[in-house]
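# Per-entry structural report
Read off the chains here:
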Amino acid sequence: MQKMSNIYESAANTLGIFNSPCLTKVELRVACKGISDRDALSKPDPCVILKMQSHGQWFEVDRTEVIRTCINPVFSKLFTVDFYFEEVQRLRFEVHDISSNHNGLKEADFLGGMECTLGQIVSQRKLSKSLLKHGNTAGKSSITVIAEELSGNDDYVELSFSARKLDDKDFFSKSDPFLEIFRMNDDATQQLVHRTEVVMNNLNPAWKTFKVSVNSLCSGDQDRRLKCIVWDWDSNGKHDFIGEFSSTFKEMRGAMEGRQVQWECINPKYKAKKKNYKNSGIVILNQCKIHKMHSFLDYIMGGCQIQFTVAIDFTASNGDPRNSCSLHYIHPYQPNEYLKALVAVGEICQDYDSDKMFPAFGFGARIPPEYKVSHDFAINFNEDNPECAGIQGVVEAYQSCLPKLQLYGPTNIAPIIQKVAKSASEETNTKEASQYFILLILTDGVITDMADTREAIVHASHLPMSVIIVGVGNADFSDMQMLDGDDGILRSPKGEPVLRDIVQFVPFRNFKHASPAALAKSVLAEVPNQVVDYYNGKGIKPKCMSEYESSRTLAP
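Since this is a predicted model, take the numbers as computed values, not measurements. (Residues numbered from 1 in each chain as written. Predicted model: local features only at pLDDT ≥ 70, side-chain atom pairs only at ≥ 80, totals over all residues. Heavy atoms only, no water.)

Now for the packing of aromatic side chains. Enumeration over the complete set of coordinates arrives at 14 aromatic pairs. Centre to centre, the rings of Trp231 and Phe241 are 5.8 Å apart; their planes meet at 80 degrees, and the pair counts as edge-to-face. Of this pair, Trp231 sits in strand β13 (residues 226–232) while Phe241 is found in strand β14 (residues 240–247), placing the two residues ten residues apart along the sequence. Between the aromatic rings of Tyr436 and Tyr534, the centroid separation amounts to 6.5 Å while the plane-to-plane angle is 65 degrees, which identifies the pairing as edge-to-face. Of this pair, Tyr436 sits in strand β24 (residues 435–443) while Tyr534 is found in helix α13 (residues 527–537), placing the two residues 98 residues apart along the sequence. Of the two residues, Tyr436 and Tyr534, both sit in the buried class. (Phe/Tyr/Trp six-rings, centres within 6.5 Å; stacked < 30°, edge-to-face > 60°. Helix = DSSP H or I, 4+ residues; strand = E, 2+ residues; numbered from the N terminus. Buried < 20%, exposed > 50% of the residue type's maximum accessible area, 1.4 Å probe, protein only.)

This paragraph deals with the sheet that holds β13. A sheet is described by the order of its strands in space; here four strands give the open sequence β11-β10-β13-β14, paired in antiparallel fashion. Each edge of the sheet is formed by a strand with only one pairing partner; in this case those strands are β11 (190–195) and β14. Strand after strand, the sheet turns through a mean of 25 degrees between neighbouring axes, direction not considered. Here seven bridges tie strand β10 (residues 177–184) to β13, and the two strands are oriented antiparallel to one another. Bridged to Ile181 within β13 is Cys228. (Pairing = 2+ DSSP bridges. Axes fitted to C-alpha atoms, helices over the stretch in contact; angles between N-to-C directions.)

Time to look at the environment of Val74. Among the structural elements, Val74 can be located in the loop between β3 (57–63) and β4 (79–84). Taking the C-alpha atoms as reference points, Val74 and Val30, separated by 44 residues in sequence, lie 6.5 Å from one another. For Val74, the residues in contact, after removing those within four places along its chain, are Val30, Ala31, Ile67, Leu192 and Arg195. (Contact = heavy atoms within 4.5 Å.)

Let us now look at the environment of Gly364. Along the chain, the position of Gly364 falls in the loop between β18 (357–363) and β19 (365–367). The exposure class of Gly364 is buried, given its relative accessible area of 0%. Sequence separation of Gly364 and Ala316 is 48 residues, and the distance between their C-alpha atoms is 7.9 Å. Discounting chain neighbours no more than four positions away, the residues touching Gly364 are Phe314, Thr315, Ser374, His375, Leu407, Tyr408, Gly409 and Pro410.

Here the focus is the sheet that holds β19. Taken together, the three strands give an open sheet; going across it, the order is β20-β19-β23, and neighbouring strands pair in antiparallel fashion. The outermost strands of the open sheet, each flanked by one partner alone, are β20 (372–374) and β23 (406–407). By the bridge criterion, three bridges tie β19 to β20 in an arrangement that is antiparallel. Each residue of the ladder has a partner; that of Ile367, found in β20, is Lys372.

For the structure on display, the rule yields 18 salt bridges. Residue Asp45 is joined to Arg68 by a salt bridge in which the shortest nitrogen-to-oxygen separation is 3.2 Å. Of this pair, Asp45 sits in the loop between β1 (23–33) and β2 (46–54) while Arg68 sits in the loop between β3 and β4, and the two are 23 residues apart along the sequence. Look at Asp45 and you get buried, because its relative accessible area is 12%. Judged by relative accessible area, Arg68 falls into the partly exposed class, the value being 34%. The salt bridge partner of Asp223 is Lys250, with a shortest N-O separation of 3.9 Å. Here Asp223 is found in the loop between α3 (214–218) and β13, whereas its partner Lys250 is found in helix α4 (residues 249–252), with 27 residues between them in sequence. On the accessibility criterion, Lys250 (51% relative accessible area) is exposed. Linked by salt bridges that have partners in common, Lys51, Arg92, Glu94 and Glu115 make up one network. (Salt bridge = Lys/Arg side-chain N within 4 Å of Asp/Glu carboxyl O.)

So, on to the side chain of Ser461. The topology assignment puts Ser461 in the loop between α10 (450–460) and β25 (465–471). Only 2.7 Å separates the side chain of Ser461 from the backbone oxygen of Val458, close enough to count as a polar contact. If we ignore the near neighbours within four places in the chain, the residues touching Ser461 are Val498, Leu499, Arg500 and Ile502. (Polar contact = N/O pair within 3.5 Å; in protein donor to acceptor, adjacent residues only side chain to side chain.)

Turning our eyes to something else, we now look at the pairing of β25. Most of β25 is tucked away: seven of the seven residues are buried. The two faces of β25 match: Met465, Val467, Ile469 and Gly471 on one face and Ser466, Ile468 and Val470 on the other face are all buried. Pairing analysis gives seven bridges linking β24 to β25, with the strands arranged parallel. Its bridge partner being in β25, Leu439 is matched across the sheet by Val467.

Residue Pro369 is reached from Pro368 by a cis peptide bond, and omega for that bond is 0 degrees. Note on placement: Pro369 falls in the loop between β19 and β20. Backbone torsion omega between Gly409 and Pro410 reads -10 degrees, so that peptide bond is classified as cis. By the element assignment, Pro410 lies in the loop between β23 and α9 (414–428). The backbone phi angle of Ala188 is positive, close to 70 degrees, even though this residue is not glycine. Turning to its location among the elements, Ala188 is positioned in the loop between β10 and β11. Residue Ala188 is classed as exposed on the basis of its relative accessible area of 66%. A positive phi is found at Lys431, a non-glycine position, where the angle reads about 55 degrees. Owing to a relative accessible area of 64%, Lys431 belongs among the exposed residues under this scheme.

Function cannot be read off these values alone, since they describe shape.
Quick look at the structure:
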């Protein structure tokens, strides 16, 4: 067995990956110019859809708001995407004309598209390209994408504005006001941060509360000037200017703990002309709430433990373990694919688990003494304590249980997901970030209980857990891709969607000739985000504030 140690060494070299600086969040802002419409009589109602390529297929990531009757739209909604330095991430921006009567997309509504990589946008900061339609340029239309890195401070802020006594700009009714907030950049350009909805026929509007990242609002500089403009919306797209004022994030922070901040809304032309001009209305900030976003490291350093559980497929399709063609064949010097995948992923997870004790289960075999089929038996045959000491303990329990089992079937993984979910749901009672569960399922084939598995995953998506499935061998794993919500949203058989994407599926054959590090990286890449999404979504802070975290907190 001494040859086994070299896979440990190669896996140990990968332990830096959770802390690798590969992951940066990037905010993308989009604007278009000169969009021509199929219907020459009216202007289009454009919306931009962002798609990303995964396994050769395009899937929708997000879409902007729809801007009515506009040929040069500047969109308020931004796209937040993860930037991996070591990957080519292909993006496609599609501009569609969304008429008010339907939200679906028809071929006729497509106004043009642009493809590029995220790396191109990030390196150029601002990328402008012509829009293409069926391979040809779509008139003189173009699209501009601006990238900003969410650096260090990804806290976000919740703001709610209202106004009173705004100027009336409409003859037959009252103004239809909306508010735009711009950030003034160092190079004297201005960047739209947010555009509110339009409140119809109202000189005392209360706009909906909105959230925006601190980075986006002021690039982390509380004294940066913000320019705010109130407009009267017009259906022809030619909005009337009501007035403007400027502020800073520092000033807006005055609207905390129930206080308000007010500004006079000024129309410079009126001010210059009219002697007794006071203002064109008052804009009020009713609340400013700051939400702290914690990072994966904040939780880990705050004492959150990663609880790692392994489940191994012992169905008959693996082949008789005594036969060298079997996926479970124990070679004296060469670990099989099950062992390679287990060690590569387990080695990394064990660094985040203080007791280094891992529950390990098997499924799809008949087990002694009665040889009944089980889908969640402990591979050390100790049902009261299925834990093995370290990854080495799991490897030894696996090797010693193999000769005692009768490989059988079917391939049911819902029972093991439910078993871990039970522990994870007990953890939710603590209301703190102390344990997050990762279930690694190693399987050679397509699962038989797809409906139950989907149900179990949707239930688990509400709990502090993630599921990693590694497909071993050469089966057709296309059904498994469906569980990995990357290509659309996974739903239970009743139609309930997952709360968050918690499944990562990887076929081992893609990494057969790569290092264990490459497999581990691919499998674990999404885990830090899944941990953060779960706890931030529940409003759960790290257990104890680490020195690391306090060093990156925004000073008041």
